[in-house]
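Remarks on the overall topology
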Amino acid sequence: MIRILIEVCSWDVGGIWVFNQLYSEYFVVGYDLNRLTSIWIFAVIGLICAIVEDRIIKRRGA
């Protein structure tokens, strides 16, 4: 469970970094972009990856 939480938090930080790297203030204001949306999208991706990884590990018996 802690591994899943760490992975989701890591993806959250990645979402913030990607948002900051891809979008300048001009795009954020012009297109009304929201940083929280990026965080949520990356958190869901991280959760899915963590669950899949957990199931693969359990299936191998490790």
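Presented here is an overview of the structure given in this document. (Residues numbered from 1 in each chain as written. Predicted model: local features only at pLDDT ≥ 70, side-chain atom pairs only at ≥ 80, totals over all residues. Heavy atoms only, no water.)

As a further point, take unusual backbone geometry. Despite not being glycine, Asp32 has its phi angle at roughly 55°, a positive value. Looking at the element boundaries, Asp32 is found in the loop between α2 (25–30) and α3 (35–60). (Helix = DSSP H or I, 4+ residues; strand = E, 2+ residues; numbered from the N terminus.)

Let's shift gears to a nonpolar patch on the surface. Judged by side-chain polarity, Leu36, Trp40, Val44, Ile48, Val52 and Ile56 come together as a nonpolar surface patch covering roughly 590 Å² of accessible area. Secondary-structure assignment places Val44 in helix α3. (Patch = residues over 30% accessible without salt bridge, like charges linked within 9 Å, V, L, I, M, F, W, Y side chains within 5 Å. Areas by Shrake-Rupley, 256 points an atom, 1.4 Å probe, with all protein chains shown as cover. Salt bridge = Lys/Arg side-chain N within 4 Å of Asp/Glu carboxyl O.)

Glancing now at the packing of aromatic side chains. All told, the structure shown has 4 aromatic pairs when counted by the stated rule. Aromatic pair Trp11 and Phe42: ring centres 6.1 Å apart, planes at 35°, arrangement tilted. Placement of the pair is Trp11 in helix α1 (residues 2–22) and Phe42 in helix α3, with a sequence separation of 31 residues. Note on Trp11: relative accessible area 29%, which makes it partly exposed. Each ring, one from Phe27 and one from Tyr31, has its centre 5.7 Å from the other, and the planes form 15°; the classification is stacked. Residue class for Tyr31 comes out exposed when judged on its relative accessible area of 57%. Every member of this aromatic cluster is reached through a ring pair, and the members are Tyr26, Phe27 and Tyr31. (Phe/Tyr/Trp six-rings, centres within 6.5 Å; stacked < 30°, edge-to-face > 60°. Buried < 20%, exposed > 50% of the residue type's maximum accessible area, 1.4 Å probe, protein only.)

With that out of the way, let us pick up the state of the cysteines. Here is the idea: a disulfide is a covalent bond, and it sits between the sulfur atoms of two cysteines. What the rule picks out here adds up to 0 disulfides. The cysteine Cys9 is free of any disulfide, with Cys49 supplying the nearest cysteine sulfur at 15 Å. Look at Cys49 and you get partly exposed, because its relative accessible area is 32%. (Disulfide = S-S within 2.5 Å.)

By themselves these figures say nothing about function.
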